[in-house]
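One-letter residues, chain by chain:
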Number of protein chains: 2
Amino acid sequence: MNIRQIVLAGRPEGMPDVSHFRFEEIPLPEMKEDEVTLKPLFFSVDPYIRGRMNAGKSYISPFEVNAPIQSGAIAEVVETRSSRFKKGDKVLGMLPWATRAILPASVLSSIDTRLAPASYYLGILGMPGLTAYFGLIDIGKPQEGETLVVSGAAGAVGLVVGQLGKIKGCRVVGIAGTEEKCILLKKEFGFDEVINYKKETDLPKALKAACPNGVNMYFDNIGGEISDAVLAQIQFNARVVLCGQISLYNQSSMSNGPRFLPLILTRSALIQGFIISNYKERYPEGIQYLAKSLKEGRLKYTETHIAGFDKLPEAFLGLFSGQNEGKMLVVMEEE
Amino acid sequence: MNIRQIVLAGRPEGMPDVSHFRFEEIPLPEMKEDEVTLKPLFFSVDPYIRGRMNAGKSYISPFEVNAPIQSGAIAEVVETRSSRFKKGDKVLGMLPWATRAILPASVLSSIDTRLAPASYYLGILGMPGLTAYFGLIDIGKPQEGETLVVSGAAGAVGLVVGQLGKIKGCRVVGIAGTEEKCILLKKEFGFDEVINYKKETDLPKALKAACPNGVNMYFDNIGGEISDAVLAQIQFNARVVLCGQISLYNQSSMSNGPRFLPLILTRSALIQGFIISNYKERYPEGIQYLAKSLKEGRLKYTETHIAGFDKLPEAFLGLFSGQNEGKMLVVMEEE
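So, here is what we can say about the structure in this document. Keep in mind that what you see is a predicted model, and the values were worked out from it rather than measured. (Residues numbered from 1 in each chain as written. Chains lettered and ligands numbered in written order. Predicted model: local features only at pLDDT ≥ 70, side-chain atom pairs only at ≥ 80, totals over all residues. Heavy atoms only, no water.)

**Some thoughts on the relation of the copies chain B and chain A**
Part 1 of the argument: For the pair chain B and chain A, the relating rotation is 180°, the translation along its axis is 0.0 Å, and the fit reaches an RMSD of 0.0 Å. Taken together, the rotation and translation describe the operation of a two-fold axis. Relative to the rotation axis, the C-alpha of B:Ile271 is the closest in chain B, positioned 2.5 Å from it.
Part 2 of the argument: Interface residue correspondence from chain B to chain A reaches 100%, placing this contact among same-surface, isologous pairings. (Least-squares fit on C-alpha atoms with pLDDT ≥ 70 in both. Contact = heavy atoms within 4.5 Å.)

Quick look at the structure:
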């Protein structure tokens, strides 16, 4: 049986485009003892994938050129030589971008589809939800009445952060890049204020108006000029949860911005770079909290679905122009 | 009796100079119940004083124009209407820059001159020493074998930080601004490597050579381009103790520098702005540790003395051109 896969065609300098991805047809290798054959159902596309396209070291190893891109995926077991999974089981794992994959059972996790739909394990009950939960609760330490600013507020992480902030009694101000997203955040997700940074001509002024008492927590998914503006408003003992810097991922050299360390100093503020895998041992706590909040209706969730294996590169590239509301997923069609 | 005092003549924009200080002669007011009359022995001059010359809010209230500058001082009680202090007692307090001062006993602390010379309570057993201790131990959390970089290494705080780092088994790299300071740091204070940032033409390269395993902790007293270079070398889980930004205190607007937040993110690093008064309740712990280490010879200490009340403005201004080794003190002459 032949399968199709998508490999890294070359390392991008700056913004990647479709030329950095190559579609290939290869024979499906033979399944060994303790392995399973997987049919992917949903692929997650995430900003951190951009980092893995570079050669440089990061907290996660780079993709090899001419080898498949990988991302989180939900898949169905279609054949098995493992006692852990039976045919038809739905599993979560890091999968190559391929129409079928053979992987050791040991790198896959079961998911409980009675608790939530399978795709949720790539979003609110997966890395994005856990990132929101541990970043906000553990580093942000929200206190009732404080002001929380979230950049990338309509993204997979930001949407959860803002809602958790509301649960904790904070004033929540979201920053997003389209009017549709801003309306969604306020009407559907309970954000107190929203700022459309693409429309706003004076971001510092808009932030001051939205945060009359300044900023106590900043959950940053974006970086760059948006963060410059937010950091200028931080209050004493502010906490900055550094989760993403998507506006800067495609820069081939460091850009310049205002030197804000004197403000961090005089405000006794904290900036914490944050990687969800540091919290591995506490994932069950996070999943339980998020699932319970979903069930009780205190958390809402939305996904952007794009259909078809061939759309994986475009869906990924769309993250950098903000084409998603909530979690961006590529849904497989029957092949 | 008339006394002399030094008042803030006007708020500086950028670098202050002697014109921002004015000498005045005024009558010594009458001492009230529970007050003491003080003859200052040593005045501390510290970089944070620059911040108090501005109108803007900071973690400490600004000086008023036409009112005396204040700083930490050791003084002798020359008259007393308080039961807490008797004539001849030596006390620590925040004193106006004046040849005599009358203050409530309640704002003064006793010092133990059997434990260490009086002036040490403005340095290694005072704010600078405690800043070094809590900043490094509590935020830096030094681990044996890690690399610690200290900017402003020959200053009152930096000297202690570096030595504490050595006690904790770290590789300690100091950054200072003269050859004399660099020699002192290596020969007298046990720093492993020193970098003269004023002589070095390629600071990033010099840092790489001095820190072959990268930087695990950065104790920053300086900010600006020095910090740009150090932050570029931070390792996974690095801790940045933000203690001072003296290179930027005299800028009237924010300067630009490289946007390093993506590095903080991918290195899972921490930046903590840090104000010693947050640790008030734990001062005794810090003083005890520092006094013990001094007594055991594990900590050394040096002061730069400048003689004469009239030299206070110059001594303060000298901090910004790095004219001190260790703690900068102005020693009063008999008036």
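That shown, we press on.
**Quick word on the packing of aromatic side chains**
All names here are of chain A.
Part 1 of the argument: Tallied over the full model, the rule gives 19 aromatic pairs over all chains.
Part 2 of the argument: Between Phe23 and Phe309, the aromatic rings sit 6.3 Å apart at their centres with planes inclined by 85°, giving edge-to-face as the arrangement. Of this pair, Phe23 sits in strand β2 (residues 21–27) while Phe309 sits in the loop between β15 (303–307) and α9 (312–318), placing them 286 residues apart in sequence.
Part 3 of the argument: Arranged with centres 4.9 Å apart and planes meeting at 80°, the rings of Tyr133 and Phe134 form a pair that is edge-to-face.
Part 4 of the argument: These aromatic residues form a ring-pair network of at least three members: Tyr133, Phe134, Phe274, Tyr279 and Tyr289. (Phe/Tyr/Trp six-rings, centres within 6.5 Å; stacked < 30°, edge-to-face > 60°. Helix = DSSP H or I, 4+ residues; strand = E, 2+ residues; numbered from the N terminus.)

**Things to note about the interface of chain B and chain A**
Part 1 of the argument: Of the residues lining the interface, 39 residues belong to chain B; the matching set on chain A comes to 39 residues.
Part 2 of the argument: With both sides pooled, the region where chain B packs onto chain A buries about 3,300 Å², and carbon together with sulfur makes up 61% of that total.
Part 3 of the argument: Summed over the three residues of chain B that lose the most area to chain A, namely B:Arg259, B:Leu261 and B:Leu265, the buried surface amounts to 25% of that side.
Part 4 of the argument: On inspection of chain B and its partner chain A, the count reaches two salt bridges.
Part 5 of the argument: Note that A:Arg259 is salt-bridged to B:Asp228, the shortest N-O span being 2.3 Å. (Buried area = accessible area lost by both parts, 1.4 Å probe. Salt bridge = Lys/Arg side-chain N within 4 Å of Asp/Glu carboxyl O.)

**So, the packing of helix α2 (residues 127–140) of chain A against helix α8 (residues 283–295) of chain A**
All names here are of chain A.
Part 1 of the argument: Where α2 meets α8, the closest approach of the two axes is 10 Å, and the angle between their N-to-C directions is 95°. Taken together, α2 and α8 sit at an angle that is classed as roughly perpendicular. Listed contacts from α8 to Met127, Gly129, Leu130, Tyr133 and Phe134 of α2 are Tyr283, Glu285, Gly286, Ile287, Tyr289 and Leu290.
Part 2 of the argument: When grouped by side-chain class, the residues that make up the contact of α2 with α8 number eight nonpolar, two polar and one charged. (Axes fitted to C-alpha atoms, helices over the stretch in contact; angles between N-to-C directions. Parallel < 35°, antiparallel > 145°, perpendicular 65-115°, else oblique. Nonpolar A, V, L, I, M, F, W, Y, C, P; charged D, E, K, R; others polar.)

**A short note on the pattern of salt bridges**
Part 1 of the argument: By the definition in use, this model includes 32 salt bridges over all chains.
Part 2 of the argument: For the salt bridge of B:Asp112 with B:Arg114, the shortest nitrogen-to-oxygen distance reads 3.1 Å.
Part 3 of the argument: Residue classification places B:Asp112 among the partly exposed residues on the basis of a relative accessible area of 27%.
Part 4 of the argument: You can call B:Arg114 exposed: its relative accessible area is 77%.
Part 5 of the argument: Connected via shared salt-bridge partners are A:Asp138, A:Arg282 and A:Glu285. (Buried < 20%, exposed > 50% of the residue type's maximum accessible area, 1.4 Å probe, protein only.)

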